[in-house]
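# Coordinate analysis (summary)
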Amino acid sequence: QEKVQQSPESLIVPEGAMVSLNCSFSDSASQSIWWYQQHPGKGPKALISIFSNGNKKEGRLTVYLNRASLHVSLHIKDSQPSDSAVYLCAVSSTNAYKVIFGKGTHLHVLP
Amino acid sequence: NAGVIQTPRHKVTGKGQEATLWCEPISGHSAVFWYRQTIVQGLEFLTYFRNQAPIDDSGMPKERFSAQMPNQSHSTLKIQSTQPQDSAVYLCASSFPGLGGYEQYFGPGTRLTVL
């Protein structure tokens, strides 16, 4: 079964810093990779997805995927206190509907 | 659009009692998912419905857990004879499958506490 590992477990940064979150997965045949954001007491919310090798930029978010190294990263530019949340990496299997989630990175952005 | 609705938000049961959790997916979404979230295990897939039909229940503990989707507007997750290890946040998500895969829209979850 697909395994998804995230690092670091937690991260504290000052407001305005660039944040880099990492995710490794085990199945090179995985389909889309998603990043979700979860605030306390809320359900996860999809932020950005990527399928093809390379990078994808949306606003302050950039995601990089390297299928050869089974690694994906999320970068948040100019981080804000409102970005403080848990970030979940989610990898869909060859059955595209089935998504395996990592355990998340807890991000704290200090004002 | 109210998003995915889950009720109740919190439920406390005694050991051995039954718990029924409700989910109303986003109108027009054909896929419905149930997950369980704990600190230790993270977010775990339980079951998946497509157009109300059960497709994959591979994550469900078979003995005491069951899920149904009697119509397109709601799904239920029932846990019989609840045990303390069932304490978790149960999340429902819905999705409209597209070219980019299944972007899932999650409800706020039901926090189940088994005493």
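To be clear, the structure that these remarks concern was listed above.
Now for a look at the structure at hand. (Residues numbered from 1 in each chain as written. Chains lettered and ligands numbered in written order. Predicted model: local features only at pLDDT ≥ 70, side-chain atom pairs only at ≥ 80, totals over all residues. Heavy atoms only, no water.)

## What to know about the overall build of chain A
- Scanning chain A from terminus to terminus reveals zero helices and eleven strands.
- From first element to last, N terminus to C terminus, chain A shows the α and β order β-β-β-β-β-β-β-β-β-β-β.
- In summary, chain A has a C-alpha radius of gyration of 13 Å against a globular reference of 13 Å for 111 residues, a match within 12%.
- Taken along its principal axes, the extent of the C-alpha atoms in chain A is 40 × 30 × 20 Å.
- The buried share of chain A, reckoned over its 111 residues, is 49%.
- Relative to all contacts within chain A whose residues are 6 or more apart in sequence, the contacts with residues 24 or more apart total 54%.
- Carbon together with sulfur atoms contributes 52% to the accessible area of chain A, which is approximately 5,300 Å² in total.
- In chain A, 10 positive and 7 negative side-chain charges are present, and the distance between their average locations comes to 5 Å. (Helix = DSSP H or I, 4+ residues; strand = E, 2+ residues; numbered from the N terminus. Rg over C-alpha atoms; globule rule 2.2 N^0.38 Å. Buried < 20%, exposed > 50% of the residue type's maximum accessible area, 1.4 Å probe, protein only. Contact = heavy atoms within 4.5 Å. Areas by Shrake-Rupley, 256 points an atom, 1.4 Å probe, with all protein chains shown as cover. Lys, Arg positive; Asp, Glu negative; His and termini not counted. Charge placed at Lys NZ, Arg CZ, Asp CG, Glu CD.)

## Comments concerning the state of the cysteines
- Summed over all chains, the structure comprises two disulfides over all chains.
- In this model, cysteine 23 of chain A is linked to cysteine 89 of chain A through a disulfide, with the two sulfur atoms separated by 2.1 Å. Taking the sign of the S-S torsion, about -75° here, the bridge from cysteine 23 of chain A to cysteine 89 of chain A comes out left-handed. Of the two residues, cysteine 23 of chain A sits in strand 3 (residues 19-25) while cysteine 89 of chain A sits in strand 9 (residues 85-92), which places them 66 residues apart along the sequence.
- According to the relative accessible area criterion, cysteine 23 of chain A is buried, its value standing at 1%.
- Through a disulfide, cysteine 23 of chain B is tied to cysteine 92 of chain B; the S-S separation comes to 1.9 Å. Given an S-S torsion of about -65°, the disulfide between cysteine 23 of chain B and cysteine 92 of chain B has left-handed geometry. Here the residue cysteine 23 of chain B occupies a position in strand 3 (residues 19-24), and cysteine 92 of chain B occupies one in strand 9 (residues 88-95), the gap between them amounting to 69 residues.
- Look at cysteine 23 of chain B and you get buried, because its relative accessible area is 2%. (Disulfide = S-S within 2.5 Å.)

## Some words on the packing of aromatic side chains
- Taken as a whole and judged by the stated rule, the model has ten aromatic pairs over all chains.
- When the ring of phenylalanine 33 of chain B is compared with that of tyrosine 48 of chain B, the centres are 4.8 Å apart and the planes differ by 20°; the resulting orientation is stacked. In this pair, phenylalanine 33 of chain B is assigned in strand 4 (residues 31-38) and tyrosine 48 of chain B in strand 5 (residues 42-50), connecting sequence segments 15 residues apart.
- One aromatic cluster in this structure is built from Trp34, Tyr36 and Phe101 of chain A together with Phe33, Tyr35, Phe45, Tyr48 and Phe106 of chain B.
- Over the aromatic face of phenylalanine 51 of chain A sits the side chain of arginine 67 of chain A, whose NZ or CZ is 5.2 Å from the ring centroid. (Phe/Tyr/Trp six-rings, centres within 6.5 Å; stacked < 30°, edge-to-face > 60°. Lys NZ or Arg CZ within 6 Å of the ring centre and 35° of its normal.)

## Things to note about the pattern of salt bridges
- In total, this model carries six salt bridges over all chains according to the counting rule given.
- A salt bridge links glutamate 58 of chain A to lysine 56 of chain A, with the nearest nitrogen and oxygen atoms 3.7 Å apart. (Salt bridge = Lys/Arg side-chain N within 4 Å of Asp/Glu carboxyl O.)

## A look at the interface of chain B and chain A
- With 21 residues of chain B at the contact, the number on the chain A side is 16 residues.
- Counting across the interface, chain B meets chain A through one salt bridge.
- Where aspartate 56 of chain B meets lysine 98 of chain A, a salt bridge forms, and the shortest distance between an N and an O atom there is 3.7 Å.
- If you list the elements that add at least two residues to the side of chain B that touches chain A, you get strand 4, strand 5 and strand 6 (53-56) of chain B.
- Class assignment of the residues belonging to the side of chain B that touches chain A gives a composition of eleven nonpolar, seven polar and three charged. (Nonpolar A, V, L, I, M, F, W, Y, C, P; charged D, E, K, R; others polar.)

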